[in-house]
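Below, each chain spelled out in residue letters.
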Amino acid sequence: MFVVPSSARSWVPVDPTSHFSLQNLPFGLLAPAGRNVTLATAIGDYAVDLTALRDAGILTIFRSTNMDSFAEFSLEELSELRHKLFEIFEESNATLRDNEILRMGAMTPLSEARLLLPIKPTAFIDFYSGIHHASNVGKMFRPDMPPLLPNYRHVPVGYNGRASSVVVSGTPIRRPKGQTKAADAEVPSFGPTKELDFELEMGFFVGQPTAMGEPMPIADAPKHILGYVLVNDWSARDVQRWEYVPLGPFLAKSFATSISPWVVLPDALEPFRIAGAEQDPEPLPYLKTKLSLTYDIKLEVSLQPAGSDTSHVISTSNTKYLYWSFDQQLAHQASNGTPLGWGDLYASGTISGPLEGSFGSMLELTWKGSKPIEVGGATRTFLEDGDTLSMTGYCQGDGFRVGFGTVSGTVEPA
Ligand code: CA
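A brief structural summary. The residue numbers shown here count from 1 along each chain, following its written sequence. In keeping with the model being predicted, local features are shown solely for residues with a pLDDT of at least 70 and side-chain atom pairs are shown and tallied solely at 80 or more, while totals for entire chains, interfaces and linings include all residues. Hydrogen atoms and water are omitted, and side-chain values are computed over all heavy atoms in the structure.

## Notes on the overall build of the protein
Part 1 of the reasoning: In this description a helix means any DSSP run of H or I spanning at least four residues, a strand means any run of E spanning at least two, and both kinds are numbered starting from the N terminus. Summing up its helical and strand segments, the protein has eleven helices and 25 strands in all.
Part 2 of the reasoning: To get the radius of gyration, use the C-alpha atoms; to get the globule rule, take the number of residues to the power 0.38 and multiply by 2.2 Å. Relative to a compact globule of 414 residues, whose C-alpha radius of gyration would be 22 Å, the protein shows 21 Å and is just as compact.
Part 3 of the reasoning: Its C-alpha atoms put the protein at 70 × 55 × 35 Å along the principal axes.
Part 4 of the reasoning: Buried means the residue's accessible area, taken with a 1.4 Å probe over protein chains only, is under 20% of the maximum for its type, while exposed means over 50%, and partly exposed covers the values in between. Taken across its 414 residues, the protein has 55% of its residues classed as buried.

Now the structure itself:
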């Protein structure tokens, strides 16, 4: 673990509102114009080609690899790489600062950088750890019962989703077709979803595998989490409502999941660790932890309606509203002995806050479509073709931010 001192500054100009301060230094995959795909970091307004830094002899890599992927790096290895990047970009280091030719070659403005899916997930797992979301869904769909199902505060509910449709921010999202049954219809029909929705989530990649039959103790969870991304788990509510009984979500979720392009290391988030949600009743021993992996990450959702050139904030939330923490999610998944794989992607579940205006889905913001919202002169219940949905998230330091950039997607017709 390497935490950059909060007073440290870079020779690269970094605006106090930039997500990519010297304290962040995330990892992503960059496709530079005319050159091969490379591992990259972001600082200020630039994406930095790490292959170019290695070839110039500035960045030493601990094992021989092509640098054209995450190459199953462990957290320890990425931590070490990030430490070296800190030294290169720290304001007193002149090596790259004063090498204009190398700087021009290695640093691409973020506005022009083509960023790829950082890691092709080997598996996608989706939890349901946002307690306000779970409770809102309960109120809407089971109004005569307590909002939370009896298992909620005992077991981190989740399901194994679909990895093949995880895409990077900017990828257009085709409106899915599916089987639905309207309340007043006698038989179901097949066609484009009428209730396309987003889900505001945080995700993490696994960076250290486990062997089958050997559950990971919860105290080891931090060693297995490689880094974090923002997740938009697109959902078709009408399809979901008809298909989810009795086995849970299936095609209503598997058509697309978008993630942000930069993987932020736990090292960068460490100064923003906060106490997790109070858990009552006390979790079973295999889910009990002294060190809660919860961070103060400010989240924001914006919608740019079709035909408009302005994006409007429709929700603000925070990672702290998760009931089950990331380490509890991972320990629960591993508790039956299923092997964890390098590159498995975990999503948290929709992170809604307690109040209107902090809800993490259209389903909740419009209360099942019964209360349409105004978005810059347009009215919305669910997402329409041409709408662009963006999410962002950052931690606020003293004069700097550690952020995730954005995850966005535009809805295309079915
Ligand atoms: Ca979800």
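## A look at the pattern of salt bridges
Part 1 of the reasoning: When a carboxyl oxygen of Asp or Glu lies within 4 Å of a side-chain nitrogen of Lys or Arg, that pair is called a salt bridge. Using the criterion set out here, one finds 18 salt bridges in the structure.
Part 2 of the reasoning: The closest approach of N and O atoms between arginine 174 and glutamate 412, which form a salt bridge, is 3.9 Å. Of this pair, arginine 174 sits in strand β9 (residues 173-174) while glutamate 412 sits in strand β25 (residues 401-412), placing them 238 residues apart in sequence.
Part 3 of the reasoning: Taking relative accessible area as the criterion, glutamate 412 reaches 31% and is therefore assigned partly exposed.
Part 4 of the reasoning: Linked by salt bridges that have partners in common, Asp197, Glu199, Arg237 and Lys253 make up one network.

## Let's talk about the sheet that holds strand β6 (residues 123-127)
Part 1 of the reasoning: For two strands to count as paired, DSSP must find a minimum of two bridges between them. Taken in spatial order, the seven strands line up as β7-β6-β21-β13-β14-β16-β8 in an open sheet, and their pairing is mixed. The two strands at the open ends of the sheet, each matched to only one other strand, are β7 (158-160) and β8 (166-168). On average, each strand axis in the sheet is inclined to that of its neighbour by 30°, with strand direction left out of account.
Part 2 of the reasoning: Looking at chain direction, β8 and strand β16 (residues 257-259) are connected through three bridges and run parallel. Residue pairing across strands places valine 168 opposite isoleucine 259, the latter belonging to β16.
Part 3 of the reasoning: We call two residues contacting when some pair of their heavy atoms lies within 4.5 Å. Between N-to-C directions, angles cover 0 to 180 degrees, with each direction set by a line fitted to C-alpha atoms, over the stretch in contact for helices. On the sheet, helix α10 (residues 326-334) packs against β6, β7, β13 (200-206), β14 (225-232) and β21 (344-347) and is oriented at approximately 60° with respect to β13.

## Description of the pairing of strand β10 (residues 177-180)
Part 1 of the reasoning: Only one face of β10 is covered, namely the one carrying Gly178 and Thr180; the face carrying Lys177 and Gln179 has none of its residues buried.
Part 2 of the reasoning: Where β10 lies against strand β11 (residues 189-192), four bridges are found, and the strand directions are antiparallel. Along β11, the bridge assignment pairs threonine 180 with serine 189.

## Quick notes on the sheet that holds strand β2 (residues 38-43)
Part 1 of the reasoning: The strand order β4-β3-β2-β1-β5 describes an open sheet built from five strands, whose pairing is antiparallel. For this open sheet the edge positions go to β4 (107-109) and β5 (115-116), each flanked by a neighbour on one side alone.
Part 2 of the reasoning: Across four bridges, the pairing between β2 and strand β3 (residues 46-49) is antiparallel. Its bridge partner lying in β3, threonine 41 is registered against valine 48.

## Regarding the coordination of the calcium ion
Part 1 of the reasoning: Note on donors: an N, O or S atom is included if it sits within 2.8 Å of the metal, or within 3.2 Å for Na, K and Ca, and water is never included, so sites can look incomplete. Protein-derived coordination of the calcium ion comes from Asp126 (OD), Glu199 (OE), Glu201 (OE) and Asp233 (OD), at a distance range of 2.2 to 2.3 Å.
Part 2 of the reasoning: Here the donor residues of the calcium ion share one chain and are spaced in sequence as D-x72-E-x1-E-x31-D. Of the two residues, glutamate 199 is situated in the loop between β12 (196-197) and β13 and aspartate 233 in the loop between β14 and β15 (235-236); the sequence distance between them amounts to 34 residues. Pair check on accessibility: glutamate 199 and aspartate 233 agree, each one buried.

## Some remarks on helix α5 (residues 131-141)
Part 1 of the reasoning: Summarising burial for α5: eight of the eleven residues are buried, a large majority.
Part 2 of the reasoning: For α5, the complete set of buried residues consists of Ile131, His133, Ala134, Ser135, Asn136, Val137, Gly138 and Met140.
Part 3 of the reasoning: In this structure, the buried residues of α5 make contact with α11 (362-365).

## Some words on unusual backbone geometry
Part 1 of the reasoning: Note the cis peptide between valine 245 and proline 246, where omega equals -5°.
Part 2 of the reasoning: Within the element layout of this structure, proline 246 appears in the loop between α7 (237-243) and α8 (251-254).
Part 3 of the reasoning: Here the amide bond leading from aspartate 280 into proline 281 is cis, since omega sits at 5°, within 30 degrees of zero.
Part 4 of the reasoning: Along the chain, the position of proline 281 falls in the loop between β17 (273-274) and β18 (294-295).
Part 5 of the reasoning: Even without being a glycine, leucine 25 presents a positive backbone phi close to 50°.
Part 6 of the reasoning: Locating leucine 25 in the fold gives a position in the segment before β1 (27-30).
Part 7 of the reasoning: Leucine 25 sits in the buried class, given a relative accessible area of 0%.
Part 8 of the reasoning: At lysine 368, a position not held by glycine, the phi torsion is positive, near 65°.
Part 9 of the reasoning: Note on placement: lysine 368 falls in the loop between α11 and β22 (373-375).

## Some points on the environment of lysine 194
Part 1 of the reasoning: If you trace the backbone, lysine 194 turns up in the loop between β11 and β12.
Part 2 of the reasoning: Overall, the relative accessible area of 70% leaves lysine 194 in the exposed class.
Part 3 of the reasoning: Separated by 187 residues in the primary sequence, lysine 194 and threonine 381 have C-alpha atoms spaced 9.9 Å apart.
Part 4 of the reasoning: Non-local contacts of lysine 194, meaning those with residues more than four positions away in its chain, are made with Asp238 and Phe382.

So yeah, pure geometry; function would need other evidence.
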